[in-house]
Each structure stands twice: as structure tokens, then as C-alpha cells.
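Descriptive structure summary
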Amino acid sequence: MNRIRTLGAALLLAALGPVAAADTLKLDARAAVATPLTGHLKLGTATSPKGETLAANNQYLLQDGKPWLPVMGEYHYSRAPAAQWDTELRLMKAAGIDIVASYVFWNHHQEQPGAFNWKGNRDLRRFVQLAQAAGLKVVVRLGPWAHGESRYGGIPDWVVDKMPTRRNDAEYLGHVEKLYAEIGAQIKGLLWKDGGPVVGVQIENEYNIRGAGRGEEHISALKALALKAGMDVPLYTVTGWDGTVYPSGEVTPVFGGYPDEPWAASTKELPPKETHAFRFNTRVSGDLGAQTKSHGAGTAETDKDKVPFLGAEYGPGLPAMYRRRTLVSPDDIAAMLPVQIGSGVNLLGYYMFHGGRNPVSVGGTGLEESTLSGGDNDTPRISYDFQAPLGPDGQQRPVLAKLRPFHYFLRDYGAALATMTVRQPERSPATPADLQTPRWSVRNHGDSGFLFFNNHVRQYAVPAQLGVRFEVQLPGGTVTLPSAPVDIPNGAYFIWPISLDLDGVKLRYATAQPVTRVDAGALGIVHVFATTAGIPAEFALPDGVKTLKPDASLQRIGTTDGTSKGRAVSVLLLAPEQVEQLSVLDIAGQRRLVFSEQQAWVADGKLQLRGVGPQSLSAAVFPALPKPRAAGLQVKQDGLLQRLELAGDNAQPTLHISATRKAGNAPRILKGGLANAAVQPVPEAFANAATWSLELPAELAPQAEDVLLQLDFVGDIGRVFADTQMLDDWYYNGQRWEIGLRQFALRPGAELQLSVLPLRADAPIYIDAAHRPVFAAGQTQIAELRGARLLTVRRSVIEP
């Protein structure tokens, strides 16, 4: 036991009050699992030309007749440069994403009446084709109302100005029919039934509007238009939160949750969120920011036993909103995963997995949501960063390292997990605000299952749980784990297996998290586990309980047939810092473990490494690549791992910075809008912004894949211009602002301008305490540039 952690836990308990005395946490998982219901969901064509099938029952999805628990990530093609798509989709695949989802924003394609624009960054067809080439399936979110922090939810101004929307109005539906026909033409031949990757479409979004020609009638009308447009797909979905109404059986609801609410009006920390508390009686997780208000329970509540628990909007980050600028930690996000999966989620869907930027508006109005256009929130004109695991220019964020191990776990164990029923312990928190009672659950089918635990809540110190053992009653007997009580520290979260078959070796339990499985040829089958920080890694095996330590070696636990003639079965136990560097990639016909601080993925059968700044590019691979080759590549064998290294590039481009205008007095921030909260200053207010000249070098690292402009400022709103063109904008929240410059085709030696509108000391906006500026006595505002630099983005390709 880590004595420092134990001492820290004791001090925390003294501050927060006592928890229950050391005891055994009990759960009864003996009840039979219900037989899945089939045939009641009106799905589209489920069979591909190759005979592959996709289907759903009331409990889970099925692929080729087998349970399937995929991971889905949102990436908006029209908010990203088309030149970026191929690499970024492959990065998503490497991160364990199975399905890419994207909105089709109507006003990105038909901002003015007349012809639709499907070219360049708006080329939906090419995006879907590239997704298929990357090995991803696709869900197209059709709208016509999408939200997505878009102006009028994505409905063009000329439609909003002329006619009623989001109802069965004949004129409106006539234009929606044209939109759906255009989308249908874009994805024609790319549907699952054609051998393509499109497995589903989402209709409307956050639709809780009731009344004549609305509600179920409207969703039915939109589905009929989608079918008329040829969109015959296995899955038709709608969002299921905030009292959504839909025709039961015609569509399947999807759910979500976020660890904070940037759309809230509060300027203080919020109470503990539902996303960090297990749910046993509902699938709806708090306020997800719907623009319309519900009037009673929605269809999803009454449909709970008829449809599987699918997710689409679990937030791996949060959007930037003017009045509330939340900045989440990687643990705020990753701690949601054991909770959501342990609450029964059978499709882990993220919104957003990849950040982006709004396209330039033809009419000059901006395409972002704003209070001036009747939206609930003010959002940046251009930036749609979302604190996503992959930034707008493909930056790898720290949260990605926390999420990947869960994705790989679902890839290898999801088929079994999907069939397992959620079990509630004897004691569980009555509300999300209860921080004393342990937060855990079990999912099992028969004697096999997984234990889920979370002791992390955003912005709240959760008391350490001291002297914990779990007692799980299964049909075949009771499993008690671990062998001796352990202390679970504040911030811990994990998934532990119960009665797991490791290729013929029966694992009664482990106090380490399964990650993936690798066939290492002559070395046998390797099961990769990750330790839980501060807790010994016990493996209850047929020959007794063993405590293993992470030491980068294979630890043999048996053979595939229990005899000396069988193939070896081993465990590779990783420490937290090791598993956070892990990517599981298929290279040269074999699944391999690739450990790297940089981004690692596969394209054209070759290992790709990409890093930022002057550091070397390096990776460690197991099993070893046959003959790794690249210019300047150094290869050496280091025990189990094959180490690959390429020298760094110390020649980083120089940025010349000079102040050009002092800040004026920023006007008082007004309250208003639908939320009666702080609203973004009017454009004229930016006359008071401080400005700096950012002069680029004559030669902008021509050998680099990209060059990032990294800005560290304190103020209200930052904007970067090239001449009069705004390249990007940013609400200050403490996060470093980065902009990839290649996409703008800037002239050599171009001069950019940074403007920072001062943040007033009396601003009625929320910024997390760790990043909230401290104003000196008498100081009324702040607009500072603390640092700016250019960083090269380097990419190397290694032949296997």
C-alpha cells in the first residue's frame, strides 16, 4: 500500500467527515438475464452484399449475429479541411473508434436559396469514402435541425425567415425533402446494403416539441422522407434526452452526458453531475443543453425495456460558451467511462471526438450559435475546439491517452459485456451529491462479469474508501475480492474482471483492468492488463492468488489447454504511465502494441509517427516489426520491446512579436438572451482590444507537415487575423490556443495580428478557479499576451 496515499486519504477524511467503517461491499447478481426481444424495431436492410449483417434487439447491437459494443466518435467534415480528413480518420481508428458520426449542417451546404454546395470541405461523399478506407463505419446525422452550436441549429436563414420549422408544415417539409434527397445522392452506393460504411442515420436532434404536426408525427414524416431519399440503413436513431418524443419502434434513442454544463447560467461551480454517478433506473443523464424545454417524460423513458442503451453524446470535452468557460481534466472525462458502461451503455458514443472550425459564411452573418440569432448561447465565430481528444488541427490532447485503454477493452471484451445485465449493489448513492457512499456496479451474465468503480467527481474531493472488499453473489457461488481489504483513493476509477476466460486459463478475478489481447506467435497469447494506482494487482488463478507487478515482461499464468503442450498464456501488466502511451495497431498482418508519447497510426500498411516541436520521434513495439525501415531510423531490442527512434528537429521557426495597440476600456458586459446571463460584447467593443503583430519567418518550415501557432493569453476574447480575414477566435479559459497555419496558405513572411479584448474584473462569467485571473487592487480589466511561439509538426513513415 502506498503510505503517502493512505496518509493523504486520512487527511481528506478528516476534512470531509467519516465514511462507512471498513466493511465488505455486497451485490447480488444471481438473477437470470432476460432473453433479448427481437422483431419489434423497424430497422432498415441489415445485410450487405457479402452477407455481413447488422441488427439490434432490445439489449444490444449485433454484427454478423454476434453481440457488438462499438465506440463512436463525432467529427464534422464541414468544420475541417478536406486535406486533413484521411489522416484524422485513421487517427480515430487507431484510438479505438469503430464508427465516425457527423452532422450534415444544412446551412453549410445551402446557405443561400438555390444550388447545394458539396465541394471541398463540404464533400460528404469523399468523407464517407475515406472513412471506409480507414476501416470505420459511418452514422450520418441528417438534421434538418442539428444544434451542434450552429446558427439556427443548422437551418438556413432564408428558411427560418420564410416559414415555420421543425414541424409538418408543407413548405418546410418540401425543402427538407430536397435536403434529404441531396444527402441521399451523396451517400448513394455507400450504404451498408451496398457494401458501404453507412450503418445508420440520425433524424432531427433533441426533439421534445409536442402538438399538432409535431412530436411523433414530425419524426415519422422525417423518417419517411429519409426512406424516400433512398437512405435504407440498419439503424435509425433520435436523441433520447430532455424529454424527446418519437414514434416507438420506428427509431432507436441514443443518449449522452457531460461532466459540466457550459450552457448553464450559473457563474459558480455546479453540484456533482449525474455523469459520475451510476444509474440503475434511467438512461437520461441530466441537462444536455437542449434548446427547447421538455413538458413531461419523453418516449425514451417508457421505451427503456424495448430498445438497447446506446450512446451518441458522451462528452470527451466541452464546447466554448461565452458565459460559462469550463475546462475539464482528462480524469473528469475518463472517469465517466466506467460509470456509463457500468450503467449499461452498449454503444459508447462521443461528441466531439475531433475539434473543428466553422466555415466562412457567404452572407457574412457567421454560422455559429449566438444570442443575437435567438440561440441560448454565445459561441466563438470560428473555433469549435470542444477540448476534444483530437484538436481542430489533429493535436493529440492528454485526455486521449486516458480514453484509449477503455476503447481497446471494449474491442476485445465488448461482445461478452454487451449481453451482461447491470446489477445494483446493496448500498448506492441516493443522489449524485452523495460523495460518501461507494459508487460501483457489476454487469454479469451467469458467473462471468465485470466490476465497475468510480471515486472521481469533477471539482469535488471524494473521500477515500478505506478497507474495501467486494462480495459478488453469482449463480455458481460468491466471489470475494481482493484477498485482503484495500484502500481506494480519491480519483480512482476502474473496471475489474470476474470469472474471465483467458484463452483456457480461468481467471476468477483480477484487481487490474483488462485492456487487450495479442497473439505473439511463438511467445503465445498475451493478455494486457493495467494496474489501478495505489492498489496491488491480484490475479486469482487456478493455482492460487498471485500479486503481479508491472515490469515490462511477460508473466506466464498457464497454457491454452492446461498441459505443457498448449500454447503459453501470459499477462503483460502495465503501469498507468505505460498504458497511457499504448496504441493497439494492426501492422504487417499482426496486431501489435505500440508505445509512444507521439501519435501513432497506420496508413498504407506503414507505421506513422507524428510529433510536435523539437523532440525526437520514438516508439516501442511488441511483437517486433520484421524489418523496420526509415531514413535515420535507429532500431534496438530492449527486452520485450523493439525500440524505434528518429532524431528530433531543433530548428523551430522564429516568431517575431511586437505590441501594436494598448487596450482601451472594455465596455460593461450585459446580461440578456434567453438565459438572462452574460452575452458576448457587440462587434464595436473590439475597438478596445489590445493588439500584437505576429510576424512569420520568410520560410515557414517547408519540411514540416504543419506549423502550429501556440498562444498563451489572458483576456476575454482573442482573435487572429491575416490582413482582414479572421483565421480563428478563442474565449479565454486557461487552455492553450493552437492554430495550424498550413491550411491558410499564408504568404512567406506574412504578418498576423492578435487582438485580445480585455476581461473585466466584474465580468459575470464563469472560469474554473485554477484559471480565473487574479486582479490586483484597483485593477479593472486584463489583456495580456504571456507567450506565443511556432511549433513544427513532424511526421515520419516507418516501413514494417
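The following refers to the structure shown. Bear in mind the structure is a predicted one, so any value in this text is a computation, not a measurement.

On to the overall build of the protein. Scanning the protein for helices and strands turns up 12 helices and 48 strands. For the protein, whose C-alpha radius of gyration is 26 Å, the value lies close to the compact-globule estimate of 28 Å for 800 residues. Taken across its 800 residues, the protein has 60% of its residues classed as buried. Long-range pairs, those at least 24 residues apart, make up 74% of the contacts in the protein between residues at least 6 apart in sequence. About 29,400 Å² of surface is accessible on the protein, with carbon and sulfur atoms providing 51% of the total. Side-chain charges of the protein comprise 79 positive and 79 negative groups, with the mean position of each set lying 2 Å from the other.

The subject of this paragraph is the nonpolar core. Judged by nonpolar contacts, the single largest core of 140 residues is most densely connected at Leu89, Tyr180, Ile183 and Phe539. The leading source of residues in this core is helix α11 (residues 398–418), at nine residues. Counting residues in each nonpolar core, the second largest holds 40 residues, with Val714, Tyr731, Tyr732 and Leu741 among its members.

This part takes up the pattern of salt bridges. Taken as a whole and judged by the stated rule, the model has 39 salt bridges. Taking the shortest distance from any N to any O, the salt bridge between Glu705 and Arg610 comes out at 2.9 Å. Here Glu705 is found in the loop between β39 (690–695) and β40 (706–714), whereas its partner Arg610 is found in strand β32 (residues 606–612), with 95 residues between them in sequence. For the salt bridge of Asp762 with Arg760, the shortest nitrogen-to-oxygen distance reads 2.9 Å.

Quick look at the sheet that holds strand β3 (residues 61–63) now. Spatially, β2-β3-β4 is the arrangement adopted by the three strands of the open sheet, whose pairing is antiparallel. Each having just a single partner strand, β2 (54–56) and β4 (66–68) make up the two edges of the open sheet. Pairs of neighbouring strands in the sheet enclose a mean axial angle of 40°, with direction left out of account. Of the strand pairs in this sheet, β2 and β3 are connected by three bridges, and their pairing is antiparallel. Bridging from a neighbouring strand, Ala56 pairs with Leu61 of β3.

A separate point is the environment of Val328. With respect to the helices and strands, Val328 occurs in the loop between β12 (324–325) and α9 (330–334). For Val328, a relative accessible area of 12% corresponds to the buried category. Along the chain, Val328 and Thr531 lie 203 residues apart, while their C-alpha atoms are 24 Å from each other. Leaving out residues up to four positions away in the same chain, Val328 has contacts with Pro259, Gly317, Leu318, Ile333, Gln387 and Arg458.

Pairing geometry for strand β21 (residues 493–502) and strand β22 (residues 505–510), over four bridges, is antiparallel. Its bridge partner being in β22, Leu502 is matched across the sheet by Val505. In this structure, the hairpin formed by β21 and β22 is closed by a connection of two residues, where Asp503 is found at a positive phi of approximately 50°. Pairing between β22 and strand β25 (residues 537–541): two bridges, direction antiparallel. In the strand pairing of β25, Tyr509 is matched with Ala540.

What follows covers the side chain of Gln465. In this structure, Gln465 sits in strand β19 (residues 465–474). For Gln465, a relative accessible area of 5% translates into the label buried. For Gln465, the contacting residues outside a window of four places in its chain are Leu435, Gln436, Thr437, Pro438, Phe453, Asn455, Val486, Asp487 and Ile488.

Along the chain, Gln710 turns up in strand β40. Residues Gln710 and Val468, spaced 242 residues apart in sequence, show a C-alpha to C-alpha distance of 45 Å. The residues contacting Gln710, other than those within four sequence positions of it, are Arg736, Trp737, Glu738, Gly787, Ala788, Arg789 and Leu791. Only 3.5 Å separates the side chain of Gln710 from the side chain of Arg736, close enough to count as a polar contact.

As a further point, take helix α2 (residues 85–94). Counting buried residues in α2 gives eight out of 10 residues, a clear majority hidden from the surface. Gly96 sits one or two residues past α2 and shows a positive phi near 95°.

A few words now on helix α4 (residues 124–133). Among the residues of α4, those classed as buried are Leu124, Phe127, Val128, Leu130 and Ala131. Taken end-on, α4 shows its buried residues confined to a sector of 160°, consistent with a single buried face. Elements that come into contact with the buried residues of α4 comprise α2, β6 (99–103), β7 (137–141), α6 (170–186) and β8 (198–202). At the C-terminal side of α4, Gly135 shows a positive phi close to 90°.

Looking now at the packing of aromatic side chains. Inspection of the entire model under this criterion finds 26 aromatic pairs. Relative to Phe470, the ring of Phe453 has its centre 5.9 Å away and its plane inclined at 75°; by these criteria the two rings are edge-to-face. Note that Phe453 is positioned in strand β18 (residues 448–454) and Phe470 in strand β19, a separation of 17 residues in sequence. The two residues Phe453 and Phe470 agree in class, both being buried. A network of ring pairs unites the aromatic residues Tyr103, Phe105, Tyr351, Tyr384 and Phe386 as a single cluster. Over the ring of Tyr384 we find Arg79, and its NZ or CZ is 3.7 Å from the ring centre. Above the plane of the ring of Tyr766 lies Arg324, whose end atom (NZ or CZ) is 4.1 Å from the centre.

Taken together, the five strands give an open sheet; going across it, the order is β36-β39-β44-β41-β42, and neighbouring strands pair in antiparallel fashion. Of all strands in the sheet, those with a lone pairing partner are β36 (656–661) and β42 (725–731), marking the two edges. The average undirected angle you get between the axes of adjacent strands in this sheet is 20°. Judged from the six bridges that link them, strand β41 (residues 717–722) and strand β44 (residues 751–757) form a sheet pairing that is antiparallel. Along β44, the bridge assignment pairs Arg719 with Ser755.

Each value, and the rule that gives it
- Residues numbered from 1 in each chain as written.
- Predicted model: local features only at pLDDT ≥ 70, side-chain atom pairs only at ≥ 80, totals over all residues.
- Heavy atoms only, no water.
- Helix = DSSP H or I, 4+ residues; strand = E, 2+ residues; numbered from the N terminus.
- Rg over C-alpha atoms; globule rule 2.2 N^0.38 Å.
- Buried < 20%, exposed > 50% of the residue type's maximum accessible area, 1.4 Å probe, protein only.
- Contact = heavy atoms within 4.5 Å.
- Areas by Shrake-Rupley, 256 points an atom, 1.4 Å probe, with all protein chains shown as cover.
- Lys, Arg positive; Asp, Glu negative; His and termini not counted.
- Charge placed at Lys NZ, Arg CZ, Asp CG, Glu CD.
- Core = buried A, V, L, I, M, F, W, Y, C linked by side-chain atoms within 4.5 Å.
- Salt bridge = Lys/Arg side-chain N within 4 Å of Asp/Glu carboxyl O.
- Pairing = 2+ DSSP bridges.
- Axes fitted to C-alpha atoms, helices over the stretch in contact; angles between N-to-C directions.
- Polar contact = N/O pair within 3.5 Å; in protein donor to acceptor, adjacent residues only side chain to side chain.
- Arc of directions from axis to C-beta.
- Phe/Tyr/Trp six-rings, centres within 6.5 Å; stacked < 30°, edge-to-face > 60°.
- Lys NZ or Arg CZ within 6 Å of the ring centre and 35° of its normal.

The quantities given are spatial measurements derived from coordinates; they are silent on function.
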